[in-house]
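# Residue-level structural notes
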Amino acid sequence: MNSRPTAGRPAPELLGIYLNDHLAGASAGTELLRRAARAHRGTALGPPLAALAREVAEDRESLRAVMAGLGVPESRVRAALGGLAEKAGRLKLNGHLFTRSPLSDVLELEAMRLGVEGKACMWRALLALADHGARVDGDRLHELLRRAERQIRILETLRRERSAQVFAPDVAGTTAARRRDTARSPAHHAGRRTA
């Protein structure tokens, strides 16, 4: 039977599939962020990844609340498939057989950013439903969208910095050394010239 949306009402089967796919992605993203945060505990990447993991877990609960408000049941099958996809994502060709490669960081940060981009698209789709009278809180969705956009900016900064460290360590090191050199006082430079 063909399920077509009526005016102001989404097709329930299609909406259920869509939101359950995003719920599975949110669970996979939460696990990926937690694993990455553990791998980088004690480094500069650790705290922002841990904070993002907490936020993405909170966003997942917000999505569950939206689904409940729309009468969309959670699919255990899709949740299980999302968990398997996250585990399968660990088996990537990263140049190392048994140890974590620096390339893993770049690939995972890219995957995290893409996941949050998808989440932002979902919040926008739900905002469109709110405009058509669906039972969703538009103000809350705007907050969640703003948070997703901030998360994207954070992940992009982390991805860009880590990519520079992995693919061009000499360039990244030279740039950091230049910054340190520029920060030194003119008196220090004068002392070096006369020494």
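Nothing here was measured: the structure is a model prediction, and the numbers come from that model. (Residues numbered from 1 in each chain as written. Predicted model: local features only at pLDDT ≥ 70, side-chain atom pairs only at ≥ 80, totals over all residues. Heavy atoms only, no water.)

## Observations regarding the overall build of the protein chain
Summing up its helical and strand segments, the protein chain has seven helices and zero strands in all. Each helix and strand of the protein chain, placed in order from N terminus to C terminus, yields the pattern α-α-α-α-α-α-α. With 195 residues in all, the protein chain has 33% of them scored as buried. On the protein chain, roughly 12,100 Å² of surface is accessible, and the fraction owed to carbon and sulfur atoms is 59%. (Helix = DSSP H or I, 4+ residues; strand = E, 2+ residues; numbered from the N terminus. Buried < 20%, exposed > 50% of the residue type's maximum accessible area, 1.4 Å probe, protein only. Areas by Shrake-Rupley, 256 points an atom, 1.4 Å probe, with all protein chains shown as cover.)

## Considerations on the layout of surface pockets
Roughly 310 Å³ of volume is contained in the largest pocket. Contributing to the lining of the largest pocket are 19 residues, with G25, A26, G115, V116 and K119 lying nearest its centre. Put simply, the parts of the chain that give the lining of the largest pocket at least two residues each are α1 (12-39), α2 (46-70) and α4 (102-131). By residue number, the principal contributor to the lining of the largest pocket is α4, which donates eight residues. (1 Å grid on protein atoms, 1.4 Å probe; cavity = no way out; pocket = protein on both sides within 12 Å on 5 of 7 lines; lining within 4 Å. Points joined across faces, edges and corners; volume = space filled by probe spheres on them.)

## Quick notes on the pattern of salt bridges
Counted under the stated rule, the structure contains 16 salt bridges. Between E58 and R147 there is a salt bridge, with its nearest N and O atoms 3.1 Å apart. Separated by 89 residues along the polypeptide, E58 in helix α2 and R147 in helix α5 (residues 138-167) bring together distant segments of the chain. For E58, a relative accessible area of 43% corresponds to the partly exposed category. (Salt bridge = Lys/Arg side-chain N within 4 Å of Asp/Glu carboxyl O.)

## Quick look at the packing of α2 against α4
Relative orientation of the contacting elements α2 and α4 amounts to 30°, with a least axis distance of 12 Å. Classified by the angle their axes make, α2 and α4 are roughly parallel. The crossing of α2 and α4 is left-handed. From α2, L49, V56, D59, S62, L63, V66 and L70 reach across to α4, where they touch L109, M112, K119, M122, W123 and L126. Its residues assigned to classes, the contact of α2 with α4 shows ten nonpolar, one polar and two charged. (Axes fitted to C-alpha atoms, helices over the stretch in contact; angles between N-to-C directions. Parallel < 35°, antiparallel > 145°, perpendicular 65-115°, else oblique. Left-handed = near helix turned anticlockwise from the far one by under 90°. Contact = heavy atoms within 4.5 Å. Nonpolar A, V, L, I, M, F, W, Y, C, P; charged D, E, K, R; others polar.)

## Brief notes about the nonpolar core
Counting 35 residues, the largest nonpolar core has L19, L49, L70, M112, W123, L126 and L141 as the members making the most contacts within it. If you list the elements that add at least two residues to this core, you get α1, α2, α4 and α5. With nine residues, α4 is the single largest residue contributor to this core. (Core = buried A, V, L, I, M, F, W, Y, C linked by side-chain atoms within 4.5 Å.)

## Details of α4
For α4, with 30 residues, the first-to-last C-alpha span of 45 Å sits near the 44 Å given by 1.5 Å per residue. Looking one or two residues past α4, G133 carries a phi angle of roughly 90°, positive in sign. (Expected span 1.5 Å × (residues − 1).)

## Observations concerning the packing of α2 against α5
Interhelical geometry of α2 versus α5 gives an angle of 155° and a closest axis separation of 11 Å. The orientation of α2 with respect to α5, classified from their angle, is roughly antiparallel. Note on packing geometry: the crossing formed by α2 with α5 is left-handed. Along its contact with α2, which presents P48, L49, L52, E55, V56, E58, D59, S62 and V66, the element α5 presents R140, L141, L144, R147, R150, Q151, I154, L155 and L158. The residue inventory of the contact of α2 with α5, partitioned by class, reads ten nonpolar, two polar and six charged.

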